[in-house]
Amino acid sequence: MNAGHSFDMWTTVGVIFDLTGAIAVASLALWLWPRRDRFAGAGTAVCVALFVTAGWCVATAAAATAEAPFFASFAESARNLAWLVVIYRLFASDGRHSSLAPIRPVIFALGFVELLHLGMTLAVARLMIAAGLANVGFEIDVMLRLLVTIGGLVLVHNLYAGAPREMRPALRWPAVGLAVLWSFDLNLYTIAYLGRTWPGEIVALRGIAALVLVACLTIAASRNRDELRLKPSRAVTFQTFSLLVIGAYLVAMVVVAQWLSYAGGDFARLIEMAFLTLASAIALVVLPSRRVRNWLKVILAKHFFQHRYDYREEWLRFTRTIGKNDDETLPLGERVVQSVADITDSPGGLLLTPDDGGDLTLASRWNWADIAVPASAYPLSGLSVFEQVSYIADLDDLREGSVPAGFDVVAPEWLLQEKRAWALVPLVHYERLVGMVVLARPPVARKFDWEDFDLLRVIGQQLASYLAENASQEALAESSHFEDFHRRIAFVMHDIKNLASQFSLLARNAELHADKAEFRADMLVTLRNSSDKLNALLARLSRYGTGAVDRLESVRAADVAQAAIGRFNGNPQIVLAETQDLAITANRHSLEQVLVHLIQNGIDASQPEAPVFLTLSADGLNARFEVIDSGTGMSAEFVRNRLFKPFVSTKSGGFGIGAFEARELVKGMKGRLDVESREGLGSRFIVRIPLAAATEMYLNSTYKDQKVA
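It should be emphasised that the depicted structure is a prediction, and the values quoted were computed from it without experimental measurement.

Caption draft 1: Quick look at the packing of helix 20 (residues 557-566) against helix 21 (residues 588-605). Helix 21 packs onto helix 20 with a crossing angle of 50° between their chain directions and a minimal axis gap of 9 Å. With respect to their mutual orientation, helix 20 and helix 21 come out oblique. Handedness of the crossing formed by helix 20 with helix 21: right-handed. Where helix 20 approaches helix 21, its residues Asp-559, Val-560, Ala-561, Ala-563 and Ala-564 are matched on the opposing element by Arg-588, Leu-591, Glu-592, Leu-595, Val-596 and Ile-599.

Structural data, given as structure tokens:
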């Protein structure tokens, strides 16, 4: 009963597929008839072959229900002969039927074999044959079918493989359809020959081959067949491959478990359960691993795709990362690092940007908080190769000393010692290095190739333009702030100037009308001092925010330090720890103003009992002023991005230009202002001013050079 039920089920399935195939093939033939010129000289033959194939599908369905195998066999022979004619006409479409002598003999031979098979089938149907001879006849029948099928596949292969390159697009889909049709027959007749019986389950599925043939010929006849190519995305390919790996793993696990159940003896069940438990545990640990996933992606990209990257997806992801703007958006620097790291599957990275001296310093970090980066992360002297040719450095190559010839790359020691540092990607904008991304080593590290270099260079140039545009916007906003600040100060200067004029007038009137000489003298001194101070304030405000210095001259550095401390009226919190008698080239008033500002900042950041030290010492060709406190300190991020940024203040009501102006004044005196600070430990401000002797040597050297010229 079960066998009968199975037979009825497969018979029904076969009839459904055969009739569906017949309808599809006939519909295609009718649709194609007015468009048969799309197959050039083979169009008529293709339409005829389709009508014959539709008849074969109907005959096969009828044979399954009415026991009429002769009609099905006759229809199959007619189908094969019709498609052999089609193949010959396709060979003729590019003239190969005349240049390839074996084509016609092979087709004639296959046609003769098909006719021989048809005659044998007719004889078997008309004659009464013993069972033994019937078995022999079945084998001969299958062998003849195999000969025609194999011959047809060989012709299809030669049709496409030997075609000129310009003809292959037109032959691709017809060749695929015929290859599927005859490949199905090849498997069917091979199984029938080996099993000495007719496999009904496989026969029931023959209509599927006809449906595939219809699909291929429809694509071949369509105007946009090149757009119908199967192009699976990398995500789908990776997920499919992952499912196949998981399926293969499960099948292997079941096979081994079954083998253990047969070979394990009395402990079969115990061994089987132990193996399944261990294998499942391994699967749960290994399969979700990021390293395994990255390894699979590398293998798939290397062997399944012509290009490693899906450029459309990479560009969309890059745009989403850079252009994201919501409450959870990372700062631009971190997004720059993330966008480069996503391409190479790096878990983290750093962004280095140039400082005022050209050295690269840490600007941002993404998912890499524990790496220690020195204040000068990459010296200017080693950056020329990155700027000139956008060289992307593999740090493993630098560690091994295998740098390509012509590329003089010297990486800082801290990068070479940090084994997690993997690659350097320069960000170049109009031949100017605006940043450098340091990538952390991905779980599955690999060597860069031309595709990596091309994509990373393009992304680097795009990111460099974003950084340059952001810097321009910040400079424009800063300029706008200064314009507003100067506009406000103009009113203040006007009022103070009027007050100064009034004081001057009062002083002149007092000289004329005061009765007592003592009063007159005291008033004159007071008013003149006030007038001088107001005029000095006017001069200071007129250059406020520009860093301009009136006049540089040789001054005693110790006198300036003593004057700065004297401005605090003997505050015991301020300690002059070390002083050397040094002559410097500076503006006394500007330098005193800088030191007073730094000392006041130290007092504000420290406890009332905590001392603030001022030291003066020689440092090469410079005098070195140090203001040291043990106050709250500042974070590296604050020092790097906010301390010297104008109009950013941590004090209530502060303008936020004190540190900025101090640095600009030091620059105006040809000096340098540096900061070292740690949160909770304190800060050290270092002011370097050129010695008078060094300035004199420079001026003498410049004078001699001009005289020689």
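Caption draft 2: Structural context of the pairing of strand 1 (residues 349-354). With five of six residues buried, strand 1 lies mostly within the body of the structure. Two strands pair when backbone bridges link them, and strand 1 and strand 2 (residues 360-366) are joined in this way by six bridges, in the antiparallel orientation. Each residue of the ladder has a partner; that of Leu-351, found in strand 2, is Ser-364. Once strand 1 ends, the chain turns through five residues before running back antiparallel as strand 2, passing Gly-358 with a positive phi of about 100°. The sheet contact formed by strand 1 and strand 5 (residues 432-440) spans four bridges and is antiparallel. Bridging from a neighbouring strand, Gly-349 pairs with Leu-439 of strand 5.

Caption draft 3: Broad picture of the sheet that holds strand 3 (residues 393-394). The antiparallel open sheet is built from five strands, whose spatial order is 2-1-5-4-3. If you trace the sheet from one side to the other, it starts and ends with strand 2 and strand 3, each paired once. The sheet strands contacting helix 14 (residues 332-344) are strand 1, strand 2, strand 4 (421-429) and strand 5, and the helix crosses strand 2 at an angle near 70°.

Caption draft 4: Spatial organisation of the nonpolar core. If you look at the biggest cluster of nonpolar residues, it comprises 49 residues, and the most contacted ones within it are Val-46, Leu-50, Trp-83, Trp-182 and Leu-217. Every element with two or more residues in this core is listed here: helix 1 (2-32), helix 2 (43-66), helix 3 (69-93), helix 5 (103-126), helix 6 (131-161), helix 7 (168-195) and helix 9 (206-221). With sequence-adjacent residues up to four places away left out, Trp-83 is seen in contact with Val-46, Ala-49, Leu-50, Thr-53, Leu-178, Leu-181, Trp-182, Leu-213 and Leu-217. If you look at the next biggest cluster of nonpolar residues, it comprises 42 residues, including Ala-558, Ile-603, Val-612 and Ala-694.

Caption draft 5: A look at the packing of aromatic side chains. Within the structure shown, the criterion is met by six aromatic pairs. Between the aromatic rings of Tyr-378 and Phe-386, the centroid separation amounts to 5.8 Å while the plane-to-plane angle is 85°, which identifies the pairing as edge-to-face. Take Tyr-378 and Phe-386: they sit in the same class, and that class is buried. Ring centres of Phe-448 and Phe-453 lie 6.0 Å apart, and the angle between their planes is 40°; this geometry places the pair in the tilted category. Judged by its relative accessible area of 24%, Phe-453 falls in the partly exposed class. Taken together, the aromatic side chains of Trp-315, Phe-318 and Tyr-466 make up a single cluster linked through ring pairs. For the cation-ring pair, Arg-79 lies above Trp-56, with the distance from its terminal atom to the ring centre recorded as 4.4 Å.

Caption draft 6: Examining helix 14 more closely. With 13 residues, helix 14 extends 19 Å from end C-alpha to end C-alpha; this agrees with the ideal 18 Å at 1.5 Å per step. The element helix 14 is largely enclosed, with a buried count of eleven among its 13 residues. Among all positions of helix 14, only Leu-332, Gly-333, Arg-335, Val-336, Val-337, Ser-339, Val-340, Ala-341, Asp-342, Ile-343 and Thr-344 are buried.

Caption draft 7: Structural view of the sheet that holds strand 12 (residues 682-690). Read from one edge of the open sheet, five strands run 7-9-10-12-11, paired in mixed fashion. Since the sheet does not close on itself, it has two edges, and those belong to strand 7 (574-578) and strand 11 (672-678), each with one partner. The average angle at which neighbouring strand axes cross in this sheet is 20°, direction not considered. Across seven bridges, strand 9 (residues 612-619) lies against strand 10 (residues 622-629) in antiparallel orientation. Bridged to Leu-616 within strand 10 is Phe-625.

Caption draft 8: Broad picture of helix 9. Its 16 residues give helix 9 an end-to-end C-alpha distance of 23 Å, which sits within 8% of 22 Å, the value for a rise of 1.5 Å per residue. For helix 9, the full list of buried residues reads Arg-206, Gly-207, Ala-209, Ala-210, Leu-213, Val-214, Cys-216, Leu-217, Ile-219, Ala-220 and Ala-221.

Caption draft 9: Summary view of a nonpolar patch on the surface. Together, Val-176, Val-180, Ile-208 and Val-212 make up an exposed nonpolar region whose accessible area comes to about 230 Å². Where the nonpolar patch is concerned, the elements lending two or more residues are helix 7 and helix 9.

Caption draft 10: Representation of the pattern of salt bridges within the structure. Inspection of every chain in the model, using the stated rule, returns 25 salt bridges. The closest approach of N and O atoms between Glu-314 and Arg-317, which form a salt bridge, is 2.7 Å. Within this pair, Glu-314 and its partner Arg-317 are both found in helix 13 (residues 311-323), separated by three residues, close to a single helical turn.

Caption draft 11: Quick peek at unusual backbone geometry. At Asn-367, a residue that is not glycine, the phi angle is positive and equals roughly 55°. Inspection of the secondary structure puts Asn-367 in the loop between strand 2 and helix 15 (384-389). What makes Asn-367 exposed here is its relative accessible area of 55%. Positive phi is not limited to glycine here, since Tyr-430 has a value of about 50°. If you trace the backbone, Tyr-430 turns up in the loop between strand 4 and strand 5.

Caption draft 12: View of the pairing of strand 11. Note: strand 11 against strand 12, seven bridges, orientation antiparallel. Within the sheet, the bridge partner assigned to Ser-677 lies in strand 12 and is Ser-683.

Caption draft 13: Geometry of the packing of helix 21 against helix 23 (residues 658-668). Interaxial distance between helix 21 and helix 23 falls to 10 Å at its minimum, and their mutual angle equals 145°. The crossing of helix 21 and helix 23 is left-handed. On helix 23, the residues touching Ser-590, Gln-593, Val-594 and His-597 of helix 21 are Gly-658, Ala-659, Glu-661, Ala-662, Leu-665 and Val-666. Looking at the contact of helix 21 with helix 23 residue by residue, the classes come out as five nonpolar, four polar and one charged.

About the cut-offs
- Residues numbered from 1 in each chain as written.
- Predicted model: local features only at pLDDT ≥ 70, side-chain atom pairs only at ≥ 80, totals over all residues.
- Heavy atoms only, no water.
- Axes fitted to C-alpha atoms, helices over the stretch in contact; angles between N-to-C directions.
- Helix = DSSP H or I, 4+ residues; strand = E, 2+ residues; numbered from the N terminus.
- Parallel < 35°, antiparallel > 145°, perpendicular 65-115°, else oblique.
- Left-handed = near helix turned anticlockwise from the far one by under 90°.
- Contact = heavy atoms within 4.5 Å.
- Buried < 20%, exposed > 50% of the residue type's maximum accessible area, 1.4 Å probe, protein only.
- Pairing = 2+ DSSP bridges.
- Core = buried A, V, L, I, M, F, W, Y, C linked by side-chain atoms within 4.5 Å.
- Phe/Tyr/Trp six-rings, centres within 6.5 Å; stacked < 30°, edge-to-face > 60°.
- Lys NZ or Arg CZ within 6 Å of the ring centre and 35° of its normal.
- Expected span 1.5 Å × (residues − 1).
- Patch = residues over 30% accessible without salt bridge, like charges linked within 9 Å, V, L, I, M, F, W, Y side chains within 5 Å.
- Areas by Shrake-Rupley, 256 points an atom, 1.4 Å probe, with all protein chains shown as cover.
- Salt bridge = Lys/Arg side-chain N within 4 Å of Asp/Glu carboxyl O.
- Nonpolar A, V, L, I, M, F, W, Y, C, P; charged D, E, K, R; others polar.

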